[in-house]
Structures are given as structure tokens and as C-alpha cells.
Amino acid sequence: MFAIVFIGLALSLLALLGLGLFAIADVAFAGPPNLHDKKRWQPPLARGNDLLNWAAGMANAVATKRLHQPLGKETARELAMEIYEGSSFAIARAPGAVRPLKPRCTSCRHRMIGVTAPEALAIADEIQTSQSKPEVKRIRDLAAANAAASAGLDHAQYKEAQLVCPLLTCDSTCVVYDARPISCRGWSPAKGDESSLQNARKSCVAPDFHADAVGRGAEEGLSQALESAGLGGEIYELNSALAVALSNAEAPAQWVRGEPVFAGCHEYA
């Protein structure tokens with residue numbers, strides 16, 4: 001009887017060991033997370049820099065895998081949307097997370113916004129696809145005017161200049177809400193009420209630490225992956241990059257070829 005029990009335990013241990021080795025091999029050989037599996041973005045029980053580093057690692061893995069696939073003019077939009085969906089999923093799964101005040105901007109209307117190249121291209125594509133020609137022109141012209149007015153300004157000076165984000169309507173509705181920049185996703189209010197929204201706008205300080213860490217981490221990870229792929233990991237000021245992306249129909253194709261599409265744009269600092 002003892003021998004039978006011993007053999008049974010030995011076989012169970014071997015089975016568990018085999019499952020463990022299979023899991024390790026699966027992670028090692030399958031590569032980074034599935035690009036279309038948002039559930040991979042379930043956040044860990046972490047805060048601050050630990051959460052930021054986790055989000056950066058996720059974004060880096062997703063972007064790296066996508067950039068190792070064949071590149072084309074749709075790459076920028078596809079890549080940006082994959083990071084957008086994943087980071088938004090992680091933000092929404094935060095402890096005590098609330099329903100976002102969609103599609104209204106939860107930030108103040110006058111802060112400087114940073115975007116990577118694929119984000120600028122994805123936003124431009126969304127604008128040209130969803131908006132009328134007069135609205136596209138309004139956004140492009142305002143972005144260009146803001147870029148000229150903000151050249152050389154730091155964050156405090158930018159806010160004092162009272163430049164309004166070209167993506168916002170008069171009631172703070174974002175015209176590209178589903179394609180809004182990663183950094184904007186880090187501005188989810190800690191409470192889903194109007195007073196929380198108003199306080200966030202007045203202070204221009206991200207009110208939700210979890211959302212802020214995920215947003216900054218995802219942006220950092222995407223930037224690192226782009227740099228490693230030779231596509232430039234710079235983070236640009238939104239207005240200058242958007243004005244270029246909306247003025248050049250060939251920008252998406254030029255970017256994947258490694259051409260310096262945004263070379264003259266202001267960098268976000």
C-alpha cells in the first residue's frame with residue numbers, strides 16, 4: 001500500500017513539474033503578450049514606480065512584438081490602438097475605479113500634452129476618418145497656431161498662455177476620445193462626479209495615482225520599443241506633431257520607412 005501511495009505522489013509531482021516546465025516554455029517561446037488580448041493588461045497589486053514599471057514592460061512587449069511583424073501604412077494606428085486599449089483596460093481595473101466621464105476630457109483644457117509618433121499619426125487618421133472637412137481644417141489650423149505660439153515654452157508657461165487643446169470642443173468633449181493620447185488616459189478622475197472633474201481641471205494635476213502611473217508607464221514603454229526598432233522614441237508636443245500629421249497624407253508610410261517625418265516638431269520636455 002505504501003509503495004502505491006509513494007508512486008502516486010511521485011507521478012503527481014512529475015505531472016506538476018511538467019506543467020510548470022510547459023508554462024515556462026510557453027512564455028519563453030510564445031514571445032510578448034498577445035496583442036489583441038486586453039486581459040493580459042490586468043494590473044498587479046502594485047503602486048507608484050512598481051506599477052509604472054509594470055505598465056512600461058507591458059507596452060514595450062506589445063509594441064516590440066507588433067514592430068517585428070511586417071510594417072505598413074496602418075502600423076502606426078494599429079500599434080497606438082493596441083497600447084490605448086491595453087492601458088485603458090489596466091486603468092479601468094484599478095481598485096475603486098469609476099466609469100470614465102466619456103467622452104469628456106478630465107484634464108484642464110490648457111496643459112501641454114505629449115505624444116509619440118504613432119500616436120500623432122493615429123490621432124490624425126481618426127480625425128480625417130470621423131470629422132468633416134471643415135472640422136479637420138479647424139483642428140489642423142488650431143494645432144499649427146498653438147505650435148507656433150508655444151515654441152520654447154515650458155509646462156508652466158504653456159498653461160499660462162491658455163492654449164486650448166485642438167481636440168476639444170467648447171464643452172470639453174474630445175473629438176477623438178477612443179484615440180486620445182496615452183497621457184490623457186492617465187487623467188481618469190478618482191471619483192466619477194462633476195466636482196472631481198472640476199477640481200482636476202483647476203489644478204491641472206492628475207487626480208488618480210493608479211491611472212497616472214499606468215499612463216506614464218505605457219507611454220515610456222512604447223517610447224523605448226520605438227527607439228529600439230529604429231523608429232524614434234521621441235515624445236513630441238501634441239500640437240506640433242498633429243499639425244504635421246494632418247498636413248502630410250504620406251506621413252504614415254514615410255514613418256515606417258524610418259524617414260524623419262516629425263524632425264521639426266517640438267519635443268515634450
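This text follows the structure it describes.
First things first, this report covers the structure right here in the doc. (Residues numbered from 1 in each chain as written. Predicted model: local features only at pLDDT ≥ 70, side-chain atom pairs only at ≥ 80, totals over all residues. Heavy atoms only, no water.)

Some remarks on the packing of helix 3 (residues 75-92) against helix 4 (residues 117-130)
Where helix 3 meets helix 4, the closest approach of the two axes is 8 Å, and the angle between their N-to-C directions is 100°. Judged on the interaxial angle alone, helix 4 and helix 3 are roughly perpendicular. Of helix 4, the residues touching helix 3 (which contributes Ala76, Arg77, Leu79, Ala80 and Tyr84) are Pro118, Glu119, Leu121, Ala122, Ile123, Asp125 and Glu126. Looking at the contact of helix 3 with helix 4, its residues break down into eight nonpolar, no polar and four charged. (Axes fitted to C-alpha atoms, helices over the stretch in contact; angles between N-to-C directions. Helix = DSSP H or I, 4+ residues; strand = E, 2+ residues; numbered from the N terminus. Parallel < 35°, antiparallel > 145°, perpendicular 65-115°, else oblique. Contact = heavy atoms within 4.5 Å. Nonpolar A, V, L, I, M, F, W, Y, C, P; charged D, E, K, R; others polar.)

So, the pattern of salt bridges
Per the counting criterion, the structure on display carries seven salt bridges. A salt bridge links glutamate 126 to arginine 77, with the nearest nitrogen and oxygen atoms 2.8 Å apart. Taken together, the positions of glutamate 126 in helix 4 and arginine 77 in helix 3 put the pair 49 residues apart, joining distant regions of the chain. Judged by its relative accessible area of 23%, arginine 77 is partly exposed. By sharing partners, the salt bridges in this structure join Arg77, Asp125 and Glu126 into a single network. (Salt bridge = Lys/Arg side-chain N within 4 Å of Asp/Glu carboxyl O. Buried < 20%, exposed > 50% of the residue type's maximum accessible area, 1.4 Å probe, protein only.)

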